[in-house]
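The chain contents come next:
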Amino acid sequence: DTAVSQTPKYLVTQMGNDKSIKCEQNLGHDTMYWYKQDSKKFLKIMFSYNNKELIINETVPNRFSPKSPDKAHLNLHINSLELGDSAVYFCASSGPSETQYFGPGTRLLVL
Amino acid sequence: DAKTTQPPSMDCAEGRAANLPCNHSTISGNEYVYWYRQIHSQGPQYIIHGLKNNETNEMASLIITEDRKSSTLILPHATLRDTAVYYCIVRSVNTGTASKLTFGTGTRLQVTL
């Protein structure tokens, strides 16, 4: 069973488009996260939701909007995609132990 | 969260123990040491964490010095599948809210035949 899953695995799109990445976890965790890994392999947090409430919002352009329809899902919507948005986006979740478990990543390429 | 320092790369022969060091001299009393690894751009994988006592699980052992200023992750019998970037992360827990993981550049471990 996949604990943290993301769709799609790969996403290739044109500049200016709007796209969404979905994340689901079946671990029963209350907290979910989005991280971005750029071309230099630096991994940085973007957002965190706890019980559908936004609790971490790093300095991220407001073109990025996370949405948590329920505790098991945290989706990431990106408006007006730019070349610099090309990266690998990882979703993660954590429970009472606060240990974070990551999904397989979504590789976004903006052309 | 305290900053960590790791060597950029290490090599290890298959079947031997891999000892990955990490310095965290500014660690505070409520901060844990976490280890994650990332295999070839897969999602980071949790390995182990500890506060002050040494810890062992099915994947690895974590040795934390008495002053807590440094630690060592030990993979007892490294295999080719252990080739990855290993991240040592210091963070506080039990703060009542979620806290982020701050990833550094990690140590690239290459396991060779």
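Worth saying up front: this structure is predicted, and the values here are computed from it rather than measured.

Participant: Where do I start with the overall build of chain B in this structure?
Facilitator: In terms of helices and strands, chain B carries 0 helices and 9 strands. Radius of gyration (C-alpha) of chain B: 14 Å, near the 13 Å computed for a compact globule of 113 residues. Taken over the C-alpha atoms alone, chain B extends approximately 45 × 30 × 25 Å along its principal axes. Of the accessible surface of chain B, which amounts to about 5800 Å², a share of 48% is contributed by carbon and sulfur atoms. The averaged location of the 9 negative side-chain charges in chain B is 5 Å from the averaged location of its 10 positive side-chain charges.

Participant: Looking at this structure, I do not really get the packing of aromatic side chains. What am I missing?
Facilitator: The geometry of an aromatic ring pair is captured by two quantities: the separation of the ring centres and the angle between the planes. Taken as a whole and judged by the stated rule, the model has 11 aromatic pairs over all chains. Relative to Phe-103 of chain B, the ring of Phe-102 of chain A has its centre 6.0 Å away and its plane inclined at 80°; by these criteria the two rings are edge-to-face. Taken together, the residues span two chains, with Phe-102 of chain A in strand S10 (residues 100-102) and Phe-103 of chain B in the loop between strand S8 (84-92) and strand S9 (107-112). Relative accessible area serves as the criterion here: at 11%, Phe-102 of chain A is assigned to the buried category. In textbook terms, an aromatic cluster arises when at least three aromatic residues are bridged by ring pairs, as seen for Tyr-33, Tyr-35, Tyr-101 and Phe-102 of chain A together with Tyr-34, Tyr-36, Tyr-46, Tyr-87 and Phe-103 of chain B.

Participant: Can you help me understand the interface of chain B and chain A in this one?
Facilitator: Note: interface size is frequently given as the accessible area lost on complex formation between the parts. Listed per partner, the contact involves 22 residues of chain B and 22 residues of chain A. In total, about 1600 Å² of surface goes out of reach between chain B and chain A, with carbon and sulfur atoms giving 51% of it. Linking chain B with chain A are 1 salt bridge. Residue Glu-98 of chain A is joined to Arg-91 of chain B by a salt bridge in which the shortest nitrogen-to-oxygen separation is 3.5 Å. Seen at the junction of chain B and chain A, the total is 4 residue pairs in polar contact (both at pLDDT 80 or more).

Participant: Can you walk me through the side chain of Asp-85 of chain A in this structure?
Facilitator: Residue and element names in this part refer to chain A. Along the polypeptide, Asp-85 turns up in the loop between strand S8 (73-78) and strand S9 (87-94). Polar side-chain contacts of Asp-85 include one of 2.8 Å to the backbone nitrogen of Glu-82. Not counting the four nearest positions on each side in its chain, Asp-85 is found in contact with Lys-36, Arg-63, Phe-64, Ile-78, Ser-80, Leu-108 and Val-110.

Participant: Would you mind showing me how to read the nonpolar core here?
Facilitator: Generally speaking, a soluble globular protein has its nonpolar side chains buried in company with each other. One finds Trp-35, Leu-73, Tyr-86 and Leu-109 of chain B to be the most contacted residues of the largest nonpolar core, which totals 21 residues. Mapped by element, the contributors of at least two residues to this core are strand S2 (18-23), strand S3 (31-38), strand S4 (45-50), strand S6 (61-64), strand S7 (70-75), S8 and S9 of chain B. The biggest single contributor to this core is S8 of chain B, with 4 residues. Among the nonpolar cores identified, the runner-up in size contains 19 residues, and Val-4, Met-46, Phe-47 and Val-110 of chain A belong to it.

Participant: Which parts of the structure should I look at to understand the sheet that holds strand S1 (residues 9-13) of chain B?
Facilitator: One key point about sheets: their strands pair by backbone hydrogen bonds, in either a parallel or an antiparallel sense. All names here are of chain B. Read from one edge of the open sheet, 5 strands run S1-S9-S8-S3-S4, paired in mixed fashion. Two strands in the sheet have a free side with no partner beyond their single neighbour: S1 and S4. Between one strand axis and the next, the sheet turns by 25° as a mean value, whatever way the strands run. In this sheet, S9 lies alongside S1 in parallel orientation, the contact comprising 5 bridges. From the neighbouring strand, Asp-11 faces S9, where its bridge partner is Gln-110.

Participant: Sorry if this is basic, but what is going on with the side chain of Ser-68 of chain A here?
Facilitator: All names here are of chain A. On the secondary structure map, Ser-68 appears in strand S7 (residues 64-70). A polar contact of 3.0 Å, which involves the side chain of Ser-68, links it to the backbone oxygen of Asp-70. At a separation of 3.0 Å, a polar atom in the side chain of Ser-68 contacts the main-chain carbonyl oxygen of His-73. Apart from the residues lying within four places of it in its own chain, the contact partners of Ser-68 are Tyr-49, Lys-52, His-73 and Leu-74.

Participant: Can you walk me through unusual backbone geometry in this structure?
Facilitator: If a residue is not glycine, its phi is most likely negative; likewise, a peptide bond is most likely trans. Backbone torsion omega between Thr-7 of chain A and Pro-8 of chain A reads -5°, so that peptide bond is classified as cis. With phi around 45°, Ser-80 of chain A is a residue other than glycine that occupies positive phi space. Structurally, Ser-80 of chain A is set in the loop between S8 and S9. Given the relative accessible area of 38%, Ser-80 of chain A is considered partly exposed. The phi angle at Arg-68 of chain B is positive, at roughly 65°, despite the residue not being glycine.

Definitions and limits used
Residues numbered from 1 in each chain as written. Chains lettered and ligands numbered in written order. Predicted model: local features only at pLDDT ≥ 70, side-chain atom pairs only at ≥ 80, totals over all residues. Heavy atoms only, no water. Helix = DSSP H or I, 4+ residues; strand = E, 2+ residues; numbered from the N terminus. Rg over C-alpha atoms; globule rule 2.2 N^0.38 Å. Areas by Shrake-Rupley, 256 points an atom, 1.4 Å probe, with all protein chains shown as cover. Lys, Arg positive; Asp, Glu negative; His and termini not counted. Charge placed at Lys NZ, Arg CZ, Asp CG, Glu CD. Phe/Tyr/Trp six-rings, centres within 6.5 Å; stacked < 30°, edge-to-face > 60°. Buried < 20%, exposed > 50% of the residue type's maximum accessible area, 1.4 Å probe, protein only. Contact = heavy atoms within 4.5 Å. Buried area = accessible area lost by both parts, 1.4 Å probe. Salt bridge = Lys/Arg side-chain N within 4 Å of Asp/Glu carboxyl O. Polar contact = N/O pair within 3.5 Å; in protein donor to acceptor, adjacent residues only side chain to side chain. Core = buried A, V, L, I, M, F, W, Y, C linked by side-chain atoms within 4.5 Å. Pairing = 2+ DSSP bridges. Axes fitted to C-alpha atoms, helices over the stretch in contact; angles between N-to-C directions.

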